[in-house]
Amino acid sequence: KYAARVAGREGGDAARGEAMRRVNPKFVLRNYMAQVAIERADAGDYGEVEALLELLETPFDEHPKMEHYAGEAPDWASDRGVSVNSCSS
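Colleague: Explain the overall build of the protein to me, please; I cannot follow it from the model alone.
Modeller: The number of helices and strands found in the protein is 5 helices and 0 strands. Each helix and strand of the protein, ordered N terminal to C terminal, gives the series α-α-α-α-α. For the protein, buried positions account for 20% of its 89 residues. By sequence separation, contacts in the protein at least 24 residues apart represent 61% of the contacts at least 6 residues apart. Accessible surface, the protein: about 6,900 Å² in total, of which carbon and sulfur atoms supply 52%.

Laid out in structure tokens, this is it:
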């Protein structure tokens, strides 16, 4: 159904992909990212807080040096009791 519905739209896959990128940020703050930043800040190192702030000021842009923030949560995140579930509300 989906393939048939989008087949007739103008612009094709490239235009649809670009439209999706304009409204869906590549970088989203996840609980595990915040937890790491909090733990480091508690120890006096605010570098992770500053990095996340810089990243989240422009979450739709490309940040080649911060690409690791765009992927899946690391395995350790679920082992530490940090939720990786999203909220739809």
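Picking up where we left off.
Colleague: For this particular structure, what's the right way to read the nonpolar core?
Modeller: Grouped burial of nonpolar side chains is what soluble globular proteins tend to show. Grouped together as the largest cluster of nonpolar side chains are 10 residues: Phe-27, Tyr-32, Met-33, Ala-37, Ala-51, Leu-52, Leu-55, Met-66, Tyr-69 and Ala-77. Put simply, the parts of the chain that give this core at least two residues each are helix H3 (31-42) and helix H4 (47-57). Those residues in contact with Leu-55 that sit more than four places away from it in its chain are Phe-27, His-63, Met-66 and Tyr-69.

Colleague: How do you make sense of the side chain of Glu-48 when you look at a structure like this?
Modeller: The residue Glu-48 is located in helix H4 in this model. Taking relative accessible area as the criterion, Glu-48 reaches 13% and is therefore assigned buried.

Colleague: Mind showing me how you'd approach the pattern of salt bridges here?
Modeller: A side chain with one charge may pair with a side chain of the opposite charge, provided their charged atoms come close. Throughout the structure, instances matching the rule amount to 5 salt bridges. Between Glu-62 and Lys-26 there is a salt bridge, with its nearest N and O atoms 2.8 Å apart. Of this pair, Glu-62 sits in the loop between H4 and helix H5 (75-79) while Lys-26 sits in the loop between helix H2 (12-23) and H3, and the two are 36 residues apart along the sequence. By relative accessible area, Lys-26 is classed as partly exposed at 30%. The salt bridge involving Lys-26 is made with Glu-67; its shortest N-O contact spans 2.7 Å. Here the residue Lys-26 occupies a position in the loop between H2 and H3, and Glu-67 occupies one in the loop between H4 and H5, the gap between them amounting to 41 residues. Within this structure, Lys-26, Glu-62 and Glu-67 form a network of salt bridges that share partners.

Colleague: Looking at this structure, I do not really get H4. What am I missing?
Modeller: For an α-helix, the turn length of 3.6 residues means that residues three or four places apart are oriented alike. Among the residues of H4, those classed as buried are Glu-48, Ala-51, Leu-52 and Leu-55. Along the axis of H4, the buried residues cluster in a sector spanning 95°; they form a single face. Every exposed residue of H4 that faces more than 90 degrees away from the buried side is listed here: Glu-50, Leu-53 and Glu-57.

Rules used throughout
Residues numbered from 1 in each chain as written. Predicted model: local features only at pLDDT ≥ 70, side-chain atom pairs only at ≥ 80, totals over all residues. Heavy atoms only, no water. Helix = DSSP H or I, 4+ residues; strand = E, 2+ residues; numbered from the N terminus. Buried < 20%, exposed > 50% of the residue type's maximum accessible area, 1.4 Å probe, protein only. Contact = heavy atoms within 4.5 Å. Areas by Shrake-Rupley, 256 points an atom, 1.4 Å probe, with all protein chains shown as cover. Core = buried A, V, L, I, M, F, W, Y, C linked by side-chain atoms within 4.5 Å. Salt bridge = Lys/Arg side-chain N within 4 Å of Asp/Glu carboxyl O. Arc of directions from axis to C-beta.

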